Amino acid sequence: MTQTIPPPPDDEPTNVLEPPPPGEPPPSRRLGWGLLLGALVLVAVAAAAIAAYLAGRDGSSDSAATTVATTRPAPTTTAALLPAGRVIVPDVTGLQENAAAARLGPAHLTPKVQTKATPKPTGIVVAQTPPGGKQTKKGGTVTIVVDRGAPSVAVPALTGVTAATAVKRLADAGLKAQTTQVTAAKPAGTVVSQAPPAGKKLKRGSVVTLSVARRKPAAAKTTTVTTTAATTTTSAPTSTAQTTQPQPASATVPDLSGTDVQAASQTLARANLRASIEYVPGTDPLGTVEQQEPSAGATAKPTSHVTVNASSGPHANQQKTVPNTVGQTLDRAVSTVNGAGLRLIFVKVPVTSRAAVGTIVEQTPLPGKTAPENAQVLVYLGVLRPR
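Position numbers for residues start from 1 in each chain and track the written sequence from start to end. Restriction of local features to residues with pLDDT of at least 70 applies here, the model being predicted, together with a cutoff of 80 or more for giving and counting side-chain atom pairs; totals for whole chains, interfaces and linings are based on all residues. With hydrogens and water set aside, each side-chain value is computed from the structure's full complement of heavy atoms.

Some words on the side chain of T336
You can see T336 is positioned in helix 6 (residues 330–339). We call two residues in contact whenever any of their non-hydrogen atoms come within 4.5 Å of each other. If near-sequence neighbours (up to four positions away) are discounted, T336 is found in contact with P323, N324, T325 and Q328. Secondary structure elements follow DSSP: runs of H or I of four or more residues count as helices, runs of E of two or more count as strands, with numbering from the N terminus.

Side note on the pattern of salt bridges
Take a side-chain nitrogen of Lys or Arg and a carboxyl oxygen of Asp or Glu: if they are within 4 Å of each other, that pair is a salt bridge. Applying the stated criterion across every chain yields a total of 2 salt bridges. One salt bridge connects K168 with D172, and the closest N-O pair in it is separated by 3.2 Å. A residue pair is termed a helical-turn pair when its members lie 3 or 4 positions apart in one helix, as K168 and D172 do in helix 4 (residues 163–172) at 4 residues. Residues R274 and E362 are paired through a salt bridge, measuring 2.8 Å at the closest nitrogen-oxygen approach.

A short note on helix 4
Residues separated by three or four positions in an α-helix point in the same direction, a consequence of the helix having 3.6 residues per turn. Of all the residues in helix 4, the buried ones are A163, A166 and L170. When helix 4 is viewed along its axis, its buried side chains cluster within an angular range of 60° and face the same direction. Exposed side of helix 4, more than 90 degrees from the buried face: A164, K168, A171 and D172 are the residues found there. Positive phi shows up at G174, right after helix 4, with a value of about 80°. The cut-offs for exposure are 20% and 50% of the maximum accessible area for each residue type, with area from a 1.4 Å probe on protein chains only; residues under the lower value are buried, those over the upper are exposed, and the others partly exposed. This arc is built from the directions going out from the helix axis to the C-beta atoms.

Observations regarding the nonpolar core
Core analysis: the biggest nonpolar cluster contains 31 residues, and L256, L268, L273, A275, Y279, L342 and L378 have the highest contact counts within it. Not counting chain neighbours up to four residues away, the residues in contact with L342 comprise K320, T321, V322, P323, V337, A371, P372, E373, N374, A375 and V377. Grouping buried Ala, Val, Leu, Ile, Met, Phe, Trp, Tyr and Cys residues that are joined through side-chain atoms within 4.5 Å yields what is termed a nonpolar core. V153, L158, L170 and L202 belong to the second largest nonpolar core, which has 14 residues in total.

Some details on the sheet that holds strand 5 (residues 141–146)
Note: strands within a sheet are paired through backbone hydrogen bonds, in either parallel or antiparallel orientation. Here, strands pair whenever DSSP counts at least two bridges between them. The 3 strands are arranged 2-5-3 in an open sheet whose pairing can be described as mixed. One side of each edge strand has no neighbouring strand; the edge strands of this open sheet are strand 2 (110–115) and strand 3 (125–129). Across the sheet, the axes of successive neighbouring strands diverge by a mean angle of 25°, strand direction being ignored. With axes taken as lines fitted to C-alpha atoms, and helix axes fitted only over the stretch in contact, angles between N-to-C directions fall between 0 and 180 degrees. Taken strand by strand, helix 3 (residues 97–104) contacts strand 2, strand 3 and strand 5, and its axis lies near 165° from that of strand 5.

Notes on the environment of D172
What makes D172 exposed here is its relative accessible area of 58%. D172 sits 16 residues away from P156 along the chain, and the two C-alpha atoms are 10.0 Å apart.

Points about the environment of G258
Positionally, G258 belongs in the loop between strand 11 (251–252) and helix 5 (261–270). The spacing of G258 and Q291 is 33 residues in sequence and 9.7 Å in space, taken between C-alpha atoms.

Set out below in structure tokens:
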């Protein structure tokens, strides 16, 4: 028997799936796109974290990395703007001469030295041409002015000319003259010697000593006195006459060559003569007798003076002014002469005045004259004349 199943009512649910509404994706497709988007976000975050980590490392990792080096453009220098073959002159003022030359050398420049005359030289560069900072030719010359003092000049030859000519020649050379009168067998007013010698280098303004022959004094006129015998009286004398040994009428001048001032003074004293010492330029040791007047063997009056020209020495010692010792005791005279930078020698001479005994009665060189430092001053010490 056939049974007929009736259709379900319209209001009952069924298990038949209905198609989605138009325009909406199926449920499975919506879930797939969401997962893909989330994955992409996670990848981006991970990439950013890795980049930050790599950027914070100190580069000591062994993993390969690409380094991008950035360079700053070099500043433009003055030298780069110089034309070919030109250099900048360095400033060398205020430097010592050697230091200035050392600074100019690396700049391919050669120093040309000039000096400046000053009383107190410093030895530093006080000016330059071209000045520092200027351009000049590579390998050129820079003139530097060094404060080194007055330049030296050569002493001219003056022996044999007149004193006036010698003084003028020295002035033309920038030197000064100092003259001293000496006894010499040359025409009066002629330069006998000079110190320093010709050719010696001296600073401008230095002094050259000239020994000039003096004029010989005119011979004294001889007056003949005629005496007549006087009538004697019988009156007794009122005083007792002192008896002295007769003095010789003349003395023979000894030879002083090869001796010094001290030995010459003693030799003359033994011959009953006295010395007049004058220091003249010479190359022999200080105090060496260079010349004498009168010459050896001549006849002179007793106690008269023989001029002794003594060498001032080869080292141009500083000139000292001879002090006055006449009237002083020997001890005081020694102190006076030593205080002037000189030395004292003495010879005893007889005197008639008791007040003069033990004091200096004469000296040579004379007070106010000049003598080289450490030269000897001869003084005559008075002693009582023997009866």
